[in-house]
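Notes for the structure review
Residues per chain are reported as follows:
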Amino acid sequence: MTKQADKKLFIKTWGCQMNVYDSKRMEDILSPFGYKTVDTPEGADMVILNTCHIREKATDKVFSELGRIRPFKDKKAANDEQMLIAVAGCVAQAEGDFIMERAPYVDLVFGPQTYHELPEMIAKLTNAYGENRVVNTEFQGESKFDFLPEEHGSQGANAFLSIQEGCDKFCTFCVVPYTRGAEYSRTPKGIIDEAKRLVDNGAVEICLLGQNVNAFHGEDELGNTWGLGKLIQAVADIDGLERIRYTTSHPRDMDDELIETHAHPKLMPFLHLPVQSGSDRILKAMNRKHKADLYRDVIAKLRKARPDLAFSSDFIVAFPGETEDDFEETMQLVRDVNYASAYSFKYSARPGTPAANMQNLIRDDIASDRLARLQALINEQQLAFNKQSIGLTVPVLIERKGKKEGQLSGRSPYFQSVNIQGNERLINTIVDVTITDGFANSVTGDIALQETISKANA
Ligand code: SAM
Ligand code: SF4
């Protein structure tokens, strides 16, 4: 594909941060070919729907979005212009042929491991090859990371960096091993070079990403294998980088080096560590390969390494066969850990996963009731955590304008959403904020410096 006059690229992204990262990299790939990102599909030359397949209705959502976009394509066609429509990501990987069959106006379907080939795929559709439609959902021997171009321009003050992909754990409910493929770790050098470029381009916080990020085992030039702890320590040495986070982790892969690394001041004191259930019986049926007490032990070790570490988790309620006693064990685990925040979902059968064939499905009214009880407990803990912060002064990375007039919104080290009043020039900087109030999903605060100045002037 050759560079042409400016073309408009619209990408809609669903799902996890890895999809957000992938969408940014698609922009980087297409930018040298004249594609500029726009925020509406109307009039775009290329529309990419970067999809997520983790829970139910994912495919329905894609088809409804495709239905919304189709008239824009028809409108362009009426003017003899082309709009390419592509479906990418995990729904594309899982349902590629079905999408092509049901939506004949879709030009291109590609999975998460093939987007580095976007220019070739577009060339096939638009010129000499004369192909009308392309499906590219192979798992290739090569890694896309060896082919991606360098990032284009600033990725913002808080940037994502994928270091690991795929998963070999095969939890019985999960589509990731099928849609993202086998576990793969990038090289430490490739990651550190990318982190340095992100910092040179304005990043002060980097979140290291992977479907199972603490399974990271990158090999260096000498053939030595690095774990995530060692990698974080090396990334922390980058001048100008202030904050590091990582997500998403598996309890079994929290090794001692990683646990100790939590004492590092640049690694933020917040960890998302999904457990899914507090019942050993259900954890076994989920093939999580650990018991609830191993999770409790890991949390205790982490708290020893970093006493103010705040935790978050994922929970699935009403997994097939879950009894009231199993559910009560989940509630007890939540009480024991005391979370700063957590996500909880009703189990949803994903086609092709082992759990989809399990019997003993839980009635929806029971599932809803358990979800409501779990969420009430989690909300209570979130509110208590946020209230406890009142009076603390913490560094907040200001990310965007808030919802209210004059408001700015950012994140505390503990990943709390923090709202303050302040000048827009503070966006993308870290400011000290004194927390003044706490709610279930956010806290409010005042800029500490302003307080000092006003006190001095009083
Ligand atoms: N790798 C992480 C781990 O080991 O827990 C999970 C990553 S998964 C992409 C994100 C979350 O989606 C999971 O932690 C789980 O709670 C939820 N999830 C995945 N499959 C699900 C399903 N079939 N039904 C309901 N929730 C699901
Ligand atoms: Fe899915 Fe996480 Fe289990 Fe891997 S470890 S199969 S990504 S839930």
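Above this text is the structure in question.
Just so we're clear, the structure is a prediction, and the values are computed from it rather than from any experiment.

**Here we look at the overall build of the protein**
A count of helices and strands for the protein gives 13 helices and 22 strands. Computed over the C-alpha atoms, the radius of gyration of the protein is 23 Å, within 12% of the 23 Å expected from 2.2 N^0.38 for a compact globule of 458 residues. With respect to the principal axes defined by its C-alpha atoms, the protein has extents near 65 × 65 × 50 Å. A total of 458 residues make up the protein; the buried ones form 53% of that total.

**Observations concerning the sheet that holds strand E18 (residues 393–401)**
Spatial strand order, E18-E19-E20-E22-E21: five strands in a closed barrel with mixed pairing. Neighbour-to-neighbour, the strand axes of the sheet open up by a mean angle of 55°, direction not taken into account. Pairing between strand E21 (residues 430–438) and strand E22 (residues 443–447): five bridges, direction antiparallel. Residue Gly438 lies in a different strand from E22, and its bridge partner there is Val443.

**Here we look at the site of ligand 1**
The full set close to ligand 1 counts 16 residues, and Arg55, Gln211, Gln276, Asp314 and Ser348 are the nearest of them. Within the backbone of Ser348, an N or O atom sits 2.8 Å from a nitrogen atom of ligand 1. Protein burial of ligand 1: of its 560 Å² of free accessible surface, 90% is covered by the chains. Mapped by element, the contributors of at least two residues to the shell around ligand 1 are strand E16 (314–317) and strand E17 (343–346). Counted by class, the shell around ligand 1 contains six nonpolar, five polar and five charged residues.

**Comments concerning the packing of aromatic side chains**
The final tally for this structure, using the stated rule, is six aromatic pairs. With centroids separated by 5.7 Å and ring planes inclined at 80°, the aromatic side chains of Phe63 and Phe98 adopt a geometry described as edge-to-face. Note that Phe63 is positioned in helix H2 (residues 58–78) and Phe98 in helix H3 (residues 89–102), a separation of 35 residues in sequence. Measuring from ring centre to ring centre gives 6.1 Å for Phe385 and Tyr414, while their planes differ by 75°; the resulting arrangement is edge-to-face. Of this pair, Phe385 sits in helix H12 (residues 364–388) while Tyr414 sits in the loop between strand E19 (407–411) and strand E20 (417–421), and the two are 29 residues apart along the sequence. The same class applies to Phe385 as to Tyr414, namely buried. Cation over ring: Lys387 sits above Phe439, and NZ or CZ is 6.0 Å from the ring centre. The lysine or arginine in question, Arg411, covers the ring of Phe415, its NZ or CZ lying 4.1 Å from the ring centre.

**Overview of the packing of helix H11 (residues 324–337) against H12**
Remark: H11 packs on H12, axes separated minimally by 10 Å, with the N-to-C direction vectors making an angle of 10°. Between H11 and H12, the interaxial angle falls into the category roughly parallel. On the side of H11, the interface is formed by Glu324, Phe327, Thr330, Met331, Val334 and Arg335, while H12 contributes Arg370, Arg373, Leu374, Leu377, Ile378 and Gln381. Per-class residue counts for the contact of H11 with H12 are six nonpolar, two polar and four charged.

**Side note on the site of ligand 2**
Taken together, Cys167, Lys169, Phe170, Cys171, Phe173, Cys174, Val176, Pro177, Asn212, His250 and Arg288 make up the full set of residues near ligand 2. Here the residues of the shell around ligand 2 sort into seven nonpolar, two polar and two charged.

**Overview of the layout of surface pockets**
Estimates place the volume of the second largest pocket at around 430 Å³. Forming the boundary of the second largest pocket are 25 residues, of which Arg55, Glu56, Lys346, Tyr347 and Ser348 lie nearest the centre. Secondary-structure elements contributing two or more residues to the lining of the second largest pocket are H2, E17 and H12. With three residues, H2 is the largest single contributor of residues to the lining of the second largest pocket. Grouping the amino acids of the lining of the second largest pocket by side-chain chemistry returns 16 nonpolar, three polar and six charged.

**Let's talk about helix H10 (residues 292–305)**
The terminal C-alpha atoms of H10, which comprises 14 residues, lie 20 Å apart, in line with the 20 Å expected from a rise of 1.5 Å per residue. Inspection of H10 places Ala292, Tyr295, Val298, Ile299, Leu302 and Ala305 among the buried residues, and these make up the whole buried set. In a view along the axis of H10, the buried residues occupy a sector of 140°, so they form one face of it. Buried residues in H10 make contact with helix H8 (256–261), strand E14 (270–272), helix H9 (280–285), strand E15 (310–312) and H11.

**Considerations on helix H1 (residues 17–30)**
Taking 1.5 Å of rise per residue, 14 residues should cover 20 Å, and H1 covers 20 Å from first to last C-alpha, within 8% of that figure. Most of H1 sits inside the fold, with 10 of its 14 residues counted as buried.

About the criteria used
- Residues numbered from 1 in each chain as written.
- Chains lettered and ligands numbered in written order.
- Predicted model: local features only at pLDDT ≥ 70, side-chain atom pairs only at ≥ 80, totals over all residues.
- Heavy atoms only, no water.
- Helix = DSSP H or I, 4+ residues; strand = E, 2+ residues; numbered from the N terminus.
- Rg over C-alpha atoms; globule rule 2.2 N^0.38 Å.
- Buried < 20%, exposed > 50% of the residue type's maximum accessible area, 1.4 Å probe, protein only.
- Pairing = 2+ DSSP bridges.
- Axes fitted to C-alpha atoms, helices over the stretch in contact; angles between N-to-C directions.
- Near = heavy atom within 4 Å.
- Polar contact = N/O pair within 3.5 Å; in protein donor to acceptor, adjacent residues only side chain to side chain.
- Areas by Shrake-Rupley, 256 points an atom, 1.4 Å probe, with all protein chains shown as cover.
- Nonpolar A, V, L, I, M, F, W, Y, C, P; charged D, E, K, R; others polar.
- Phe/Tyr/Trp six-rings, centres within 6.5 Å; stacked < 30°, edge-to-face > 60°.
- Lys NZ or Arg CZ within 6 Å of the ring centre and 35° of its normal.
- Parallel < 35°, antiparallel > 145°, perpendicular 65-115°, else oblique.
- Contact = heavy atoms within 4.5 Å.
- 1 Å grid on protein atoms, 1.4 Å probe; cavity = no way out; pocket = protein on both sides within 12 Å on 5 of 7 lines; lining within 4 Å.
- Points joined across faces, edges and corners; volume = space filled by probe spheres on them.
- Expected span 1.5 Å × (residues − 1).
- Arc of directions from axis to C-beta.

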